[in-house]
Amino acid sequence: MYNEEEVLPALVSRLRPVLADLGVGYEVVAVDDGSTDRTAELLAAFRLGWPELRVIGLRRNSGHQAALTAGLDRAHGAYVVSIDADLQDPPEKIPEMLGLARAESLDIVYGIRADRASDTGFKRWTAGLYYRLVRRLAGPSVPAQAGDFRLLSRAAVEALKALPDQQRVYRLLVPWLGFPSGEVTYERAPRPAGQSKYPLGRMIRLAVDSVTGFSAAPLRIATWLGGFAFLVCLGLMVYTLSAHAFQHTVPGWTSLFIGVLFIGAVQLVCVGLLGEYVGRIYTAVQNRPTYFIGHDTAAGTVADTAVGTASGGAARTAAVPSPAGSPGAPPTGSVNAQAPVPQGPGRRS
């Protein structure tokens, strides 16, 4: 969650009874992704009467996928459900997800947005374009209209934690694992309060990370563009020689000007595509932590913990006891509800 003070009361009033009716032990891990409003204050107040609520505060706003990583790294449940705090994904579907996972021995249950009427036409169009693109690049295993509302078994969580990726896009990483999966459909609701914290710029960044993180297709596009530009240059060369032979050199200025512009544009596109991949390599070589834990109420105190990804897929945690801290938690811009359910038939790798 990030700056969700307006929606927090509604979230608690709906999430708590749903989890209480499960009849199993559970923990709610709320990741505060560096909120600057009263989100942290309200979470502390709700915790006084809700001992199952655990709050993890990040030192700064690290982004949705980084905060989701913080939650998955620190959640302890036999099953983990990640859900955004904005209530556009219904908490009431959590029991259905858990029931399906146990009944069919599934490790992953996706929440599928069967109805997005609450979204704007532009949002629906861009979302459809995004899923068509990633399914074409990453394969049909990526479920269409599935966001970050999903259930994961402990085996799936541990597999995700072992991956070395730093710029993670869980919508593609989770299907890539290949674990047995199922789907639960729901109607995407409008926000009950507050404004979206995921503007167009962040959606574009997510799309770029999705494409560059799971496919080399853009590099191949650059190669094809270069080949096409070469053919265009050959055609212009023939035209230029013909114009020179017939002494019509002045009329050739237009074609020359267009050719120079075209080749320059293609070169810039290719350099930009290469830059995206080089940037990912640079980030991986730096190996900086993707988030910093400021406090974790599971320890009852405050910690200054940096968590990153080391080479070889091992998680690296460096803790400097500021006031002291420990693990636990959910996704960025989201609340993670995890039910520490006793190991059952849904536990399967």
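Each value, and the rule that gives it
- Residues numbered from 1 in each chain as written.
- Predicted model: local features only at pLDDT ≥ 70, side-chain atom pairs only at ≥ 80, totals over all residues.
- Heavy atoms only, no water.
- Phe/Tyr/Trp six-rings, centres within 6.5 Å; stacked < 30°, edge-to-face > 60°.
- Helix = DSSP H or I, 4+ residues; strand = E, 2+ residues; numbered from the N terminus.
- Buried < 20%, exposed > 50% of the residue type's maximum accessible area, 1.4 Å probe, protein only.
- Salt bridge = Lys/Arg side-chain N within 4 Å of Asp/Glu carboxyl O.
- Arc of directions from axis to C-beta.
- Axes fitted to C-alpha atoms, helices over the stretch in contact; angles between N-to-C directions.
- Left-handed = near helix turned anticlockwise from the far one by under 90°.
- Contact = heavy atoms within 4.5 Å.
- Nonpolar A, V, L, I, M, F, W, Y, C, P; charged D, E, K, R; others polar.
- Parallel < 35°, antiparallel > 145°, perpendicular 65-115°, else oblique.
- Polar contact = N/O pair within 3.5 Å; in protein donor to acceptor, adjacent residues only side chain to side chain.

K.L.:
Explain the packing of aromatic side chains here, please?
P.N.:
Centre distance and the angle of the planes are the two values used to describe a pair of aromatic rings. One pass over the structure, following the stated rule, counts one aromatic pair. Aromatic pair Phe149 and Tyr186: ring centres 5.6 Å apart, planes at 80°, arrangement edge-to-face. In this pair, Phe149 sits in strand β5 (residues 146–153) while Tyr186 sits in strand β6 (residues 181–187), placing the two residues 37 residues apart along the sequence. Overall, Phe149 belongs to the buried group, its relative accessible area being 1%. Under the relative-accessibility criterion, Tyr186 is labelled buried at 5%.

K.L.:
Looking at this structure, how should I read the pattern of salt bridges?
P.N.:
When the charged atoms of two side chains lie near each other, side chains of opposite charge can form a pair. Tallying each qualifying case throughout the model produces 12 salt bridges. With a shortest N-O distance of 3.1 Å, Glu27 and Arg54 are connected by a salt bridge. Remark: Arg54 occurs in strand β2 (residues 53–58) and Glu27 occurs in strand β1 (residues 27–32); sequence separation between them is 27 residues. Here Glu27 falls in the buried class, since its relative accessible area comes to 14%. Two residues, Asp148 and Arg150, come together in a salt bridge whose shortest N-O distance is 3.0 Å.

K.L.:
Looking at this model, I keep getting lost on helix α3 (residues 64–74). Mind explaining?
P.N.:
Helical periodicity: at 3.6 residues per turn, an α-helix aligns residues three or four positions apart in one direction. Burial of α3 is extensive: 10 of the 11 residues sit out of reach of the surface. Among all positions of α3, only His64, Gln65, Ala66, Ala67, Leu68, Thr69, Ala70, Gly71, Leu72 and Arg74 are buried.

K.L.:
Explain helix α4 (residues 94–103) here, please?
P.N.:
If you check which residues of α4 are buried, you get Ile94, Met97, Leu98, Leu100 and Ala101. Projected down its long axis, α4 shows its buried positions confined to an angular sector of 165°, all on one face.

K.L.:
What exactly am I supposed to notice about the packing of helix α6 (residues 154–161) against helix α7 (residues 170–177) here?
P.N.:
Relative placement of two packed helices is described by the angle separating their axes and the distance separating the axes. Across the interface, α6 lies against α7 with an axial gap of 10 Å and an inter-helix angle of 115°. Two packed elements cross with a definite hand, and for α6 against α7 that hand is right-handed. Facing Ala156, Ala159 and Leu160 of α6, the residues of α7 in contact are Tyr170, Leu173, Val174 and Leu177. Here the contact of α6 with α7 is composed, by residue class, of seven nonpolar, no polar and no charged.

K.L.:
Hey, could you run me through the packing of helix α1 (residues 8–20) against helix α2 (residues 39–49) in this one?
P.N.:
Where α1 contacts α2, the two axes come as close as 11 Å, and the packing angle between them is 30°. Relative to α2, α1 is oriented roughly parallel. Once α1 is placed against α2, the crossing between them reads as right-handed. Where α1 approaches α2, its residues Leu8, Pro9, Val12 and Arg16 are matched on the opposing element by Thr39, Leu42, Leu43, Phe46 and Gly49.

K.L.:
Would you mind going over the side chain of Thr39 with me for this structure?
P.N.:
Position of Thr39 relative to the elements: it lies in helix α2. The class of Thr39 is buried, set by a relative accessible area of 0%. Polar contacts involving the side chain of Thr39 include one to the main-chain amide nitrogen of Glu5, which spans 3.4 Å. A polar contact of 2.7 Å, which involves the side chain of Thr39, links it to the side chain of Asp37. In this structure, Thr39 is in contact with Met1, Asn3, Glu4, Glu5, Leu8 and Asp32, ignoring residues within four places of it in sequence.

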